[in-house]
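Descriptive structure summary
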Amino acid sequence: MTNALPEITRSDLDPEDSIVILTGAGISKESGLDTFRDADGIWKKVRLEDVATPEGFARDPDGVHAFYNARRRTLLDTEVVPNAAHEALVRLEREWPGGVLLVTQNIDDLHERAGSSPENLIHMHGELFKVRCDPCGVIFDWRTDLSRQDPCPACGRPEGLRPHVVWFGEMPLDMERIHHALTRCGLFLSIGTSGTVYPAAGFVQVAKLEADAHTVELNLEAGEGSSLFDQHVHDLASRAVPAFVDMLLAGL
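Attention here is on the structure that accompanies the text. Remember, it's a predicted structure, so these values are computed and weren't measured experimentally. (Residues numbered from 1 in each chain as written. Predicted model: local features only at pLDDT ≥ 70, side-chain atom pairs only at ≥ 80, totals over all residues. Heavy atoms only, no water.)

1. Looking at the pattern of salt bridges
- Applying the stated criterion across every chain yields a total of 11 salt bridges.
- The partner of Asp 50 in a salt bridge is Arg 47, with the nearest N and O atoms 2.8 Å apart.
- You can call Arg 47 partly exposed: its relative accessible area is 48%.
- Ionic pairing is found between Arg 73 and Asp 145, a salt bridge with its closest N-O pair at 2.8 Å. With Arg 73 in helix H4 (residues 61-75) and Asp 145 in the loop between strand S5 (139-141) and strand S6 (161-165), the pair connects residues that are 72 residues apart, well separated along the chain.
- On the basis of relative accessibility, which here comes to 45%, the residue Arg 73 falls in the partly exposed class. (Salt bridge = Lys/Arg side-chain N within 4 Å of Asp/Glu carboxyl O. Buried < 20%, exposed > 50% of the residue type's maximum accessible area, 1.4 Å probe, protein only. Helix = DSSP H or I, 4+ residues; strand = E, 2+ residues; numbered from the N terminus.)

2. A closer look at helix H9 (residues 237-250)
- Between its first and last C-alpha atoms H9 spans 19 Å; for 14 residues at 1.5 Å apiece the expected length is 20 Å, and the two agree.
- The complete set of buried residues in H9 reads Ala 237, Ala 240, Val 241, Pro 242, Phe 244, Val 245, Met 247, Leu 248 and Leu 249.
- In this structure, the buried side of H9 is in contact with strand S1 (19-23), helix H1 (25-29), helix H5 (84-95), strand S7 (187-191), strand S8 (214-219) and strand S9 (231-234). (Expected span 1.5 Å × (residues − 1). Contact = heavy atoms within 4.5 Å.)

Have a look at this one:
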């Protein structure tokens, strides 16, 4: 059931105000990718402690590589493509005068494929099509299977490559830039995220308390921190996001 689209007047948001957008697994689900915390999500099939922690990787690197290799192959499937929500955010980025920063918890590349600018996109949890070398710290593009035996293209050492993914217990990427943007934005949008994983779940509080931003949740259902938002649209991202973007841009 679609909730009424929230009205945002000029007094709420000036075109010169910046917008910060957080996206989660819900925006990619309609493109054919699994979410994590749904009833049939990834964490119902595997233990996050086994595949998404440094300790799990130390215990069973082959198993962790197999998990991410399978996810990488899924993302390469020709049927996995950006949906209308990804495309609407590209239009908002290109047309909104005050600037847009898109922060995604997703490690897929659907925002890039839709046309989002790398300069205005932060993958706070890393990227599936990248690997990094722990010994030398260099990050590489990587679209094929990865194993312990693969040598680092930079330093040549084997057994040092790992997925460029932020695991539980590790610090998300570019947090200083994200915090700076949140404390200065006029509008904060949360799209397709459960609101259970920190620090991303706390972004709405930073935007409200430090920037007095208008905050909107666009999600299939209320997330854990739903009460913290000023307004809500509970619908599929492919419907809610384009309609919301249309409303914002119509006021320019």
